[in-house]
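In case you want the letters, here they are:
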Amino acid sequence: MGDQNTVAVYTPPAERPYPGPHWITEKIGSLVLTPHTPIEWIVVFGAVFTGTLVLLFAIVWLLYSGIGIWGVNIPVAWGFAIVNFVWWIGIGHAGTLISAILLLLHQAWRQSINRFAEAMTLFAVTCAGLFPLIHLGRPWFFYWIAPYPNTMGLWPQWRSPLVWDMFAVGTYFTISLVFWYIGLIPDLATFRDRAKHRLTQVVYGMMAMGWRGSAYHWQQYEEAYLLLAGLATPLVVSVHTVVSFDFTIAIIPGWHSTIFPPYFVAGAIYSGFAMVLTLAIPLRKIYRLQEFITMRHLDNMAKLMLATGIIVTYSYIDEAFIAFYSGNPYERYEIVNRLFGLYGWMYWLLVATNLVIPQLMWSSRARKSVAAIFLVALSVDLGMWLERFVIVVVSLHRDFLPSAWNMYYATIWDWATLLGSIALFVTLFLLFFRFFPPISIFEMKKILHKPEVSARA
Amino acid sequence: MPNSNFFTPSIGRCYSKNQTMPQIFKRPTNAISRLTIFGGVFVVAAVAWGWASVVYSPFVSGEWTPFDQPVPFSHEHHAGGIGIDCRYCHTTVEVSPFAGIPPTATCMNCHKQIWRDSDMLEPVRASLSENRPIRWNRVNNLPDFVYFDHSIHVSKGVGCETCHGRVDMMPLTWKHSDMHMQWCLECHRHPEHYLRPRDQVFTMGWKPPMDQDTLGRRLVTEYHIEPAFKLTNCSICHR
Amino acid sequence: MEHRRDLPIQWRSLDPKTPDPRAPMPSQLGDVNRREFLSLMAASLALAGVEGCTAPATVPEKIVPYVQAPEDVLPGRPLHFATAMPFAGYGVGLIVKSHEGRPIKVEGNPRHSASLGATDVFAQASILDLYDPDRAKSVTNRGAISTFGAFVSALSPRLEELQSRDGAGLRFLSGRITSPSEGALIDAILRRFPKADWHQYEPVNDDNARAGSRMAFGRYVDSVYHLDRADVIVSLDSDFLYWGPAHLRHTRDFAARRVFNPADGSGRGMNRLYVLESTPTVTGFKADHRISMSPSKIGELTTAIASRLGVAGAPGQELNEQWFEPMMRDLKSHGSSSIVIAGETQPPFVHALVHAINEKLGNTGHTVEYMEPVEMRPVEQFASLRELAQAMQSGQVDTLIMLDVNPSYSAPADLEFSKNLENVKLRVSHSLYYDETAAACHWHVPKHHYLETWGDVRAYDGSVSIVQPLIVPLYETKSSHEFLSIFLGNPTRSNYDLVREFWVGQYKGEEFESFWEQSLQEGVVQNIALSDPLPASLEASPYRARASRPASPLTRGRITSTTAWTYSPPREGETASAASGGGQFRTPQAPPGPGNLDVLFRPDASVYDGSFANNAWLKELQHPLTHLTWDNAVLIGPKTAHDLHANSEDMVDLVVNGRQITGAVWVIPGQPENVVTVHLGWGRKVSGRNGMERGFNAYALRTSDNPWHATGGRIRKRGEKYKLATTRDHHVTEGRHMVRHMTVDDYAKDAGLIQRETHQPKPDQTMYPAYENIDYAWGMSVDLSRCVGCNACIVACQAENNVPTVGKNEVARGREMHWMRIDTYFEGPAAEPDAYFQPMFCQHCETAPCEYVCPVEATTHSAEGINEMTYNRCIGTRYCSNNCPYKVRRFNFFQYAAWDIPSLKLLYNPDVTVRSRGVMEKCTYCIQRINRTRIDALKADRKIQDGEVLTACQQACPANALVFGNLLDENSRVRKLKSEPRNYGVLAEYNTRPRTTYLAALKNPNPEIAGFETAQHNNG
């Protein structure tokens, strides 16, 4: 019991000791297998579902009248849509990182957060995947990017990063989905067996795919899970690397830079953990999961945030330095314009939210304050969005020929799509929390019962 | 075996009073589930195949279906039977992108004398007298972003028949080829498979005297046909 | 265009039974109703392929052949006809391309002296007016739709009555008329109604030059300038490269001398232009020395020049400006090959002095020639209009017939024309649009567009062109001949008969037919003996043969000014505009200042005097200097703006002695202090959907005694902002070298400089293999020394490539669709900037950044080195535009192309796809022209000749600044130009290897002044 991993995942309240595995099942199972829905859930769900409808309307109007309803123009032909895409993809990184890499690194403490981190990944990638489609001038031809036999006798243009994107994001989504689902199976079986209502039994039964928990099942399961972890690990790096190619492959000052891949990956994990925290903190409160999502978790994630945040900081400095070191007048002007140009205030806001505020996490006192962590997480969520805006828009609005320079102003429809996508994300997440075990039951029990097992897992 | 017993997640049992829990699924379910897993593959394949066969079918490209026309003009009779040259009616085929649809006057050149009062030709006479053009239904129609030029093809030894088929056997005209971009590209990539001597361009049912490819290759050099990497430039057909 | 490829096919079908090659369908349009006609047209377009990126229709499309095939028409192949466009009365020879009876593109007529194959923005855009759905479509009686018959029968009793009193009370008001046949008709009418009178009024006229020539010669004469013979040109507030009936000729001749002549290393081959002006102009920004000064200064300066040259009677006037002495030395040393030009806006005495100055310099007969006025009846038009206004006021006018004029809108405010018009019992207007005047009239009879009508018109040099129609009139309109013949009692005469008869009457040689056909075919009436009433100078007009210089100066038209010249200050009772010319002798007024601004009135670069108010192409065309679209503005200089605390887009009241207008300020570099410039032609009240309520109406401030320059203006800020849509908000180069320039002397010393400055990576410095070009490698060369920034190329491109307009809001959001733009960069101080024009469009890079980022191969590289854009494959990721360093790609953010307006469908070029929403587009080097020519060449088993393919921009360019051709052909012009040492590629250091390269701009400043200018820059 004194083992640190155990402490990490579970700290019983002072008044009573660890009541044993049954109690865990009881505790987590009861979150889902209950007719009673928390009032907070209903309120929040109502709000975000309305938001999702706004998104729906924004998209319908977009398809009806064309992307002219957005603020994009020439030279700034990419606006909010691409910013949001990169932002969401980045957020999607935490899940895989936690479940795959931390698994391989034997970080047992991950086990009480990996389940909903993975779910978050799925939903983030879902939101992300939306934008490349709707930002097209003629979305109804999106499938031309995919290689398939057609009457035109044409293939995609393989040198274009957008084609690579399609594969990278597609793979990432598939793997994450399978990974997440396989992790769910034993718990779904638990629900199947505990469900009282016939319908619930059948539904969970089907999803459990006939899991009986025989030793043979478990052996297969462990192997598959480990394999998938192995598969998913490179994806954590590859996806955002490929996304960063969208920019580095281009020749635009502020885009054309070799530091982007590592910088984007770090940034992605940064925002990913920020988002995990943004979700975990309220939820552990609403669902009284403080025993499972402990201060130790928050502390670790805060540290991870800090670490990745420092890498990002380094990248910013490096970008500026290289721009001047290169001696390329266009690169230099781009940086000066980024810092002191018409969008300069955004850059400094980005520095504040993304670099300065997170430094709070150095102090252990701050890391002990849930509120502080939550605020930092929010600030990073915002900061990372600003970062993408600065990269995409500010680089484009003043590139080579001054005669072509122009400003970019987001329209109400840009905002509707951004906020709508956030609403969609939360909606999906709430549904997940209502119908699936948000914390891996069997893993919790496993680790609590036999700490040394987790050391092997 | 306490271990596996512990790991069995169906802990529900421990709580339920009666030790035997009712099965949710009957045994056949296993079969069904297996079926769905493997069947899924076949379903997807079937859908893909079905879709493809529709897209490639005449149902979409619309060949082989005779078009109704205000006047039931028969190429079979005029071109095949009487043996009128294509260019008698399609006058601009050698000089213009557009092969040309004959003005009413052309019809009346002959039909002033023959079939003067057949009801079939009433619309033609009406057109001339009321000076209102006949509005034919278009048989071969390319999208408006495709710029096909009859004159260059004809002058480089592409026969009418190559694209339009045995018009001399069509009572009512129909579309002979699917005219998918693929189909155009096939010839632009390998002209030698399709070329014929200039003097045979307007012949129907022409057979190559020798092996088509040897002839084709000769004609390619003779007629200065541009190389495939130029003939397949987008701007050759799209502007 | 030396070769005769575009030899116009003459008009043949005189016999109504044979079909008309220009009619869309053989039946007379009169009896086909409009809708059917349009649907048929649409059908014929469908086969021409204008409907854009859509899959073929599942319901069978209709295909509609002729009933009788007209001669000459090969469906799918265009015909070319020669005609002429009357602009402000003067003719510009055109060759118009017609597809299945639809005129779709105008080009200049190389045989016509005022065009030489070039066109301006107005000629290019005029074709849009033809199909404008807002044109007046039928006769209206007090706004209610009526018929021509009704009008005639309503008019005839009045005419009888008028005849009974010899036409007393009958007045005609027309614009400038140079058409011999029209003039003859009016003369005939005036003979029939002896007491009737004919007034003329053009809002933008040359009264001052008129008065000036009368002061100098005692009679009216027109001046003809030969800029190609001039080494030194001094412009006194004259924008001769953009305005005036000869501006195309001027630009061509001027540009021909903007080249460095290797023969003499000193660069003497190149002319030198001094522009002394009171507001920035295109000409001014081309100058080697541009000196801006307040308007009243120009008079003093002219007098100073005159007295320095010892012009008899010129009052002594000294001017101590550093640049003055060197300029005078320059002028004198180039006597007889120099030229001094006074602007139309300058008071008469300046013109008079300039005639004397040119005489003194010995330019007369060499660089300047004089001839009889080209107009049928030259008058001083403000006087003429004032006379009419007074007559109306005193009720002497009971019938007023207005021929293609819009005085209710454009008359000077002080004449109160609209108010006086009320006193006229019968008011009739005959014009293209239902405008302010039409609304104030009892009857409005719509006029043929010039592409629908027969007629004739004279160019600035007197040469005559027959205007022949390209299409059967689209609406129930009448030509001016048909309209005028009503007053001769035969309202049914056909337009064609009237014109032809006139020329039959004129022609003295035998077999008229061949003369007629040749005149139509050439587009210029041949040099044959013509009898009166044509002025003798008609036959003596210079530039008779196509593009050839006249062997000897004018003989009959020539007046030697020495004998006639005596300088006299204007007398009392002199016509008003001459009186205004006395400006210099007026009691000195209060010095200009923020409280006492000089207000200048100028024609607008896009809507002229307002007659193009409904033309979307021109409305959306960037103003050459301000780049404003869809609005005019109150233009002030930076210093004045600072004094008035007014910034661009501030709404202000501009008050000039009691009258006031409200408009938005635009700060423009190079504007002298305390000078406000407003452009005429905006703020229309009655017009089409594009014309209404755009900008402000500057006529409201204009007075007939000082039409170009008012003093005592004040500006009051209103504290509101007004959004002005500009295509460019950044005019400084930021120290980047897009536009390279050097003085011709430096170039003579060190020609290699440009090459050394340009870092061009080596050919092997790319990861991709080079593209193999066979037969052709297309490329273009743009000579920045020649380009005068006149925008003609932009509109030509728009017309050729079906480029849509997007409207003010979209322009303001940075979404204009022009494939081509002209970048204007300013260097030096804002008060006295140097400006450089740079046409910018797809550079067709050999290693194109746009190509490798497109995921679907919608933009690719052709085997001839063209960067292709395949609209129907584009899915609109816009990645290509992001990665284009020149930002020359344009995106259809909405469905911009008009698919719902039938008459506009007729305008589309069937050889170019009409783009749909969501696709990218850009310059294609006019691929449709290349393909058409290539196919013809292949059919004939030959190569394309150099100059056989002209891009639309190149063909329109009056300065010959753009040259397109095959880089694999050693003898091609483009290859030669690209081998010049001043050839460079924009952003070459990025290794894009553009196929479009530029020739650095050469300036030829006077070395004695250069020092002064730098000094002035420093303290500026």
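Parameters at a glance
- All residue numbers refer to positions counted from 1 along the written sequence of the respective chain.
- Both sets of labels track the order of writing: A upward for chains, 1 upward for ligands.
- The model is predicted, so local features are restricted to residues of pLDDT at least 70 and side-chain atom pairs to those at 80 or more, both for listing and for counting; the totals for chains, interfaces and linings are taken over all residues.
- Side-chain metrics in this entry use all non-hydrogen atoms of the structure; hydrogen atoms and water are not considered.
- Comment: elements are numbered from the N terminus, with helices defined as DSSP H or I runs of at least four residues and strands as E runs of at least two.
- Both definitions apply: the radius of gyration is a C-alpha atom measure, and the globule rule equals 2.2 Å times residues to the power 0.38.
- Any two residues having at least one pair of non-hydrogen atoms within 4.5 Å are treated as being in contact.
- Each residue's exposure class comes from its accessible area (1.4 Å probe, protein chains only) as a fraction of the maximum for that residue type: buried when under 20%, exposed when over 50%, partly exposed otherwise.
- Accessible surface is estimated by sampling points in the Shrake-Rupley manner with a 1.4 Å probe; for residues, cover comes only from the protein chains shown.
- Note on definitions: buried area is the accessible-area loss of two parts on being combined, 1.4 Å probe, summed for both.
- Throughout this description, the term salt bridge denotes a Lys or Arg side-chain nitrogen within 4 Å of a carboxyl oxygen of Asp or Glu.
- Polar contact criterion, stated in full: a pair of N or O atoms within 3.5 Å, where within protein one must be able to donate a hydrogen and the other to accept it, and residues adjacent in sequence count only if both atoms are side-chain atoms.
- Throughout this entry, Asp, Glu, Lys and Arg are counted as charged residues, while Ala, Val, Leu, Ile, Met, Phe, Trp, Tyr, Cys and Pro are counted as nonpolar. The remaining residues, Gly among them, count as polar.
- Marked domain ranges trace back to an automatic or database domain assignment.
- You can read pLDDT as the predictor saying how much it trusts each residue, on a scale of 0 to 100.
- For two strands to count as paired, DSSP must find a minimum of two bridges between them.
- The axes are straight lines fitted to the C-alpha atoms, using for helices just the contacting stretch, and the angles between their N-to-C directions are given from 0 to 180°.

S.K.: Give me the lowdown on the overall build of chain B, citing residues and values where you can.
M.R.: Looking only at helices and strands, one finds 14 helices and 1 strand in chain B. Scaling as 2.2 N^0.38, a compact globule of 239 residues should have a C-alpha radius of gyration of about 18 Å, whereas chain B reaches 31 Å, well beyond that. Taking all contacts inside chain B whose residues are at least 6 apart in sequence as the whole, residues at least 24 apart take part in 68%.

S.K.: Before we move on, could you go through the overall build of chain C and cite the residues and values that matter?
M.R.: Within chain C, the secondary structure is distributed over 31 helices and 39 strands. Counting every position in chain C, which comprises 1020 residues, the buried fraction comes to 68%. Considering only residue pairs separated by 6 or more positions, chain C has 75% of its internal contacts joining residues 24 or more positions apart. When the accessible surface of chain C is split by element, carbon and sulfur atoms take 52% of a total near 32100 Å².

S.K.: Please give an account of the interface of chain C and chain B that cites residues and values.
M.R.: Facing the 55 residues of chain C at the interface are 45 residues of chain B. Both sides together, the interface formed by chain C and chain B hides about 4400 Å², and carbon and sulfur atoms give 58% of it. Considering only the surface of chain C that becomes buried against chain B, C:I63, C:P65 and C:V67 emerge as the three largest contributors, covering 16% of it. For the pair chain C and chain B, the number of links is 4 salt bridges. Run the count over chain C and chain B and you get 22 residue pairs in polar contact (both at pLDDT 80 or more). Where the side of chain C that touches chain B is concerned, the elements lending two or more residues are α1 (34–48), β1 (62–63), β32 (859–861) and α28 (927–939) of chain C. Looking at the side of chain C that touches chain B element by element, the count peaks at 8 residues for α28(C).

S.K.: Lay out the environment of A:S403 in plain terms, naming residues and giving numbers.
M.R.: In this structure, A:S403 sits in the loop between α15 (370–397) and α16 (412–435). You can call A:S403 buried: its relative accessible area is 3%. With 211 residues separating them in the primary sequence, A:S403 and A:R192 have C-alpha atoms 66 Å apart. When sequence neighbours within four positions are dropped, the list of residues in contact with A:S403 reads C:T727, C:R728, C:H730, C:R821, C:D823 and C:Y825.

S.K.: With reference to specific residues and values, describe the interface of chain C and chain A.
M.R.: Between chain C and chain A, the contact holds 56 residues from the first and 56 residues from the second. Interface of chain C and chain A: buried area, both sides summed, is about 4700 Å²; carbon and sulfur atoms make up 55% of it. By the criterion of area lost to chain A, the three top residues of chain C are C:R736, C:Y879 and C:R917, representing 16% of everything that side buries. Summed over the shared surface of chain C and chain A, the result is 1 salt bridge. The partner of C:K887 in a salt bridge is A:D399, and the shortest N-O contact between them spans 2.7 Å. Elements with a minimum of two residues in the side of chain C that touches chain A: β30 (821–827), α26 (879–882) and β34 (890–891) of chain C. In the side of chain C that touches chain A, the residues fall into 27 nonpolar, 12 polar and 17 charged.

S.K.: Explain the domain arrangement of chain B to me, using residue names and the numbers behind them.
M.R.: Taken domain by domain, chain B comprises domain 1 (30–61) and domain 2 (74–83 + 90–101 + 142–237). Placing a centre on the C-alpha atoms of domain 1 of chain B and another on those of domain 2 of chain B gives a separation of 37 Å.

S.K.: Can you lay out the confidence of the model for chain B for me, pointing to particular residues and giving the numbers?
M.R.: Residues and elements named next belong to chain B. Here chain B averages 86 in pLDDT, while 91% of its residues score no lower than 70. Confidence scores differ between elements of chain B, with helix α1 (residues 2–7) showing the lowest mean pLDDT of 38 and helix α9 (residues 150–155) the highest of 94. Counting interchain partners and residues more than four positions distant, the pLDDT-below-50 stretch residues 1–19 has 21 contacts.

S.K.: Tell me about the sheet that holds strand β8 (residues 197–200) of chain C, residues and numbers included.
M.R.: Residues and elements named next belong to chain C. The sheet built from 7 strands is open, its strands ordered β6-β5-β17-β16-β15-β7-β8 with mixed pairing. Since the sheet does not close on itself, it has two edges, and those belong to β6 (144–145) and β8, each with one partner. Sitting on the sheet, helix α3 (residues 148–164) is in contact with β7 (170–174), β15 (399–403), β16 (426–431) and β17 (443–446), with an inclination near 120 degrees to β17.

S.K.: Let's hear about the pattern of salt bridges: which residues, and what values?
M.R.: According to the stated counting rule, one finds 78 salt bridges over all chains in the structure shown. C:R329 is the salt-bridge partner of C:E1008, the closest N and O atoms lying 2.5 Å from each other. Note that C:E1008 is positioned in helix α31 (residues 1007–1019) and C:R329 in helix α9 (residues 324–333), a separation of 679 residues in sequence. With relative accessibility at 44%, the residue C:R329 sits in the partly exposed group. Residue C:K723 pairs with C:E649 through a salt bridge whose shortest N-O separation is 4.0 Å. In this pair, C:K723 sits in the loop between β26 (709–721) and β27 (725–726) while C:E649 sits in the loop between α21 (638–644) and β23 (650–656), placing the two residues 74 residues apart along the sequence. C:K723 sits in the partly exposed class, given a relative accessible area of 48%. Overall, C:E649 belongs to the buried group, its relative accessible area being 18%. A single salt-bridge network, built from bridges that share partners, covers B:E226, B:K230, C:D775, C:E864 and C:R934.

S.K.: Kindly report on the confidence of the model for chain C, identifying the contributing residues and their values.
M.R.: Residues and elements named next belong to chain C. Looking at chain C as a whole, the pLDDT averages 83, with 85% of positions reaching at least 70. Predicted confidence is poor over residues 528–588, with pLDDT under 50, and the contacts of this stretch with residues over four places away or in other chains come to 125 contacts. Within the model, the stretch residues 1014–1020 combines pLDDT values under 50 with 6 contacts to residues more than four positions away or in other chains. For this predicted complex, the interface score ipTM comes out at 0.90, alongside a pTM of 0.89.

S.K.: Break down the side chain of A:T37 for me, with residues and values.
M.R.: All names here are of chain A. Relative to the assigned elements, T37 resides in the loop between α2 (21–32) and α3 (39–65). Within the structure, the side chain of T37 is placed 3.3 Å from the side chain of R434, a separation counted as a polar contact. Look past the residues within four positions of T37 in its chain and what remains in contact with it is I42 and R434.

S.K.: Go over the sheet that holds strand β3 (residues 90–99) of chain C with me, naming the residues and quoting the values.
M.R.: All names here are of chain C. With respect to topology, 3 strands assemble into an open sheet ordered β2-β3-β4, the strand pairing being antiparallel. In this open sheet, the two strands that pair with only one neighbour each are β2 (79–87) and β4 (102–108). This sheet shows a mean twist of 40 degrees between the axes of neighbouring strands, independent of strand direction. Sheet strands touched by helix α2 (residues 121–130): β2, β3 and β4. Its angle to β4, the strand with the most contacts, is close to 165 degrees.

S.K.: Quick one: what's the story with unusual backbone geometry, residue by residue and with numbers?
M.R.: In this structure, the amide linkage connecting A:I74 to the following residue, A:P75, adopts the cis form with an omega of 15 degrees. Following the sequence through the fold, A:P75 ends up in the loop between α3 and α4 (80–91). In the Ramachandran plot, C:D404 falls in the positive-phi region, its phi being about 55 degrees despite a non-glycine side chain. For C:D404, a relative accessible area of 44% corresponds to the partly exposed category. A positive phi angle is found at C:Y608, which is not glycine, with a value near 55 degrees. Mapped onto the secondary structure, C:Y608 falls in the loop between β20 (597–602) and α20 (616–619). Assessed through its relative accessible area of 6%, C:Y608 is described here as buried.

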